[in-house]
Amino acid sequence: MIASSLLSNVVPVLKKEDTCVQALGWMDLFRVSHLPVLDGETYVGLLSDEIMYAHGSIHDSIGKLDIPREMTFVYEDVHMYDVIGVASSRLLSVVPVLNRKEVYQGAILLTDILHNIDKLLCIDDPGGIIVLEVNKIDYSLAEVAQIVEYNEAKVLSCYVTCMPDSNKVEITLKVNTARIEPILDTFIRYRYVIKNTFVSGEEMNEEMRDRYGQLLKFMEM
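Residues numbered from 1 in each chain as written. Predicted model: local features only at pLDDT ≥ 70, side-chain atom pairs only at ≥ 80, totals over all residues. Heavy atoms only, no water.

Caption draft 1: Structural view of a nonpolar patch on the surface. A surface patch of nonpolar side chains, about 380 Å² in accessible area, is lined by Val10, Trp26, Leu29 and Phe30. Mapped onto the secondary structure, Val10 falls in the segment before β1 (14-15). According to the relative accessible area criterion, Val10 is partly exposed, its value standing at 46%. (Patch = residues over 30% accessible without salt bridge, like charges linked within 9 Å, V, L, I, M, F, W, Y side chains within 5 Å. Areas by Shrake-Rupley, 256 points an atom, 1.4 Å probe, with all protein chains shown as cover. Salt bridge = Lys/Arg side-chain N within 4 Å of Asp/Glu carboxyl O. Helix = DSSP H or I, 4+ residues; strand = E, 2+ residues; numbered from the N terminus. Buried < 20%, exposed > 50% of the residue type's maximum accessible area, 1.4 Å probe, protein only.)

Next up, the structure:
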């Protein structure tokens, strides 16, 4: 899934001669805090409401403002992960998209990103979610998938979170079955830590969590 496939048809663009009042009106209408500024087809930068309020006079044209450009856009052929990275690092509500000739192609709304994350992670597919913890040096995606498939299930999505100031990683799996108990048993035999589990969007019952908590304590003895 690349940036060009995420473009929104509703994001307006601003011109340097537009006033801050006009820009704030568009932002309020579309419920965003950023809008791209163009000079013809050339991308000037990404204007935020914070910049306009800090300027002091909302009746001035936006051409009088210092509008940031660096690290405020992505190219149309980059992966969705890069879009998420730019939006997250700069806290953007809108991510402008350019082609490799630096021509503006459109923009991606934060809501579009969130909607497509659902697809990427198979959120709407029925099944269970398993959150594991393991040493970084021991992490193997092949082994994780093998354990799941050994129990006649499939991994629908997987993402790994590196834990700060730790030699551990957290692995979040979405599997295509709600019957995850045999999978958990196998992970425990392989000395994975089961941090959390969910089935069909609901947390597993306390009895099951206690059962696996006791097993974990036994394995750590």
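From this point on, the discussion continues.
Caption draft 2: Main features of the pairing of strand β2 (residues 34-39). Counting buried positions along β2 gives five out of six residues, so the element sits mostly inside the fold. Where β1 and β2 come together, two bridges link them in parallel fashion. Paired with Lys15 across the bridge in β2 is Leu38. Two strands pair when backbone bridges link them, and β2 and strand β3 (residues 42-48) are joined in this way by six bridges, in the antiparallel orientation. Bridge pairing in β3 places Leu35 opposite Leu47. (Pairing = 2+ DSSP bridges.)

Caption draft 3: Structural context of helix α3 (residues 80-90). Taken as a whole, α3 has its buried residues at Met80, Val83, Val86 and Ala87. Down the axis of α3, the sector holding all buried residues measures 125°, keeping them to one side. What points out from α3, more than 90 degrees from its buried face, is the exposed set Tyr81 and Ser89. Looking at the buried positions of α3, the neighbouring elements they touch are β4 (74-75), β5 (94-98), β6 (104-109) and α4 (110-120). (Arc of directions from axis to C-beta. Contact = heavy atoms within 4.5 Å.)

Caption draft 4: Structural detail: the confidence of the model for the protein. Residues with a pLDDT of 70 or more make up 90% of the protein, whose mean pLDDT is 87. For residues 201-208, every residue scores under 50 in pLDDT, and the model assigns this stretch 11 contacts once sequence neighbours within four places are set aside. (pLDDT = per-residue confidence, 0-100.)

Caption draft 5: The arrangement of unusual backbone geometry in detail. The phi dihedral of Met71 is positive, around 60°, even though this residue is not glycine. Tracing the chain through its elements places Met71 in the loop between α2 (49-55) and β4. If you check the backbone angles, Arg191 has positive phi at about 65° while not being a glycine. Within the secondary structure, Arg191 is located in the loop between α6 (181-189) and β10 (193-199). You can call Arg191 exposed: its relative accessible area is 60%.

Caption draft 6: Region of interest: the environment of Ile171. Turning to its location among the elements, Ile171 is positioned in strand β9 (residues 168-175). With a relative accessible area of 0%, Ile171 lands in the buried category. Leaving out residues up to four positions away in the same chain, Ile171 has contacts with Ile130, Val131, Leu132, Val134, Tyr139, Val144, Cys158, Tyr159 and Tyr192.

Caption draft 7: Representation of the packing of helix α5 (residues 141-150) against α6. Relative orientation of the contacting elements α5 and α6 amounts to 140°, with a least axis distance of 9 Å. Taken together, α5 and α6 sit at an angle that is classed as oblique. Viewed along their axes, α5 and α6 form a crossing whose handedness is right-handed. Only Ile183, Thr186, Phe187 and Arg189 of α6 make contact with α5, whose side of the interface consists of Val144, Ile147, Val148 and Tyr150. Partitioned by chemical class, the residues of the contact of α5 with α6 number six nonpolar, one polar and one charged. (Axes fitted to C-alpha atoms, helices over the stretch in contact; angles between N-to-C directions. Parallel < 35°, antiparallel > 145°, perpendicular 65-115°, else oblique. Left-handed = near helix turned anticlockwise from the far one by under 90°. Nonpolar A, V, L, I, M, F, W, Y, C, P; charged D, E, K, R; others polar.)

Caption draft 8: Inspection of the sheet that holds β4 at higher detail. The three strands are arranged β4-β5-β6 in an open sheet whose pairing can be described as mixed. A strand with exactly one partner marks an edge of an open sheet, and here the two such strands are β4 and β6. Of the pairings in the sheet, the one linking β5 to β6 comprises five bridges and is antiparallel in character. Across the sheet, Leu98 pairs through a bridge with Tyr104, a residue of β6. Packed onto the sheet, α4 meets β5 and β6 and runs at close to 70° relative to β6.

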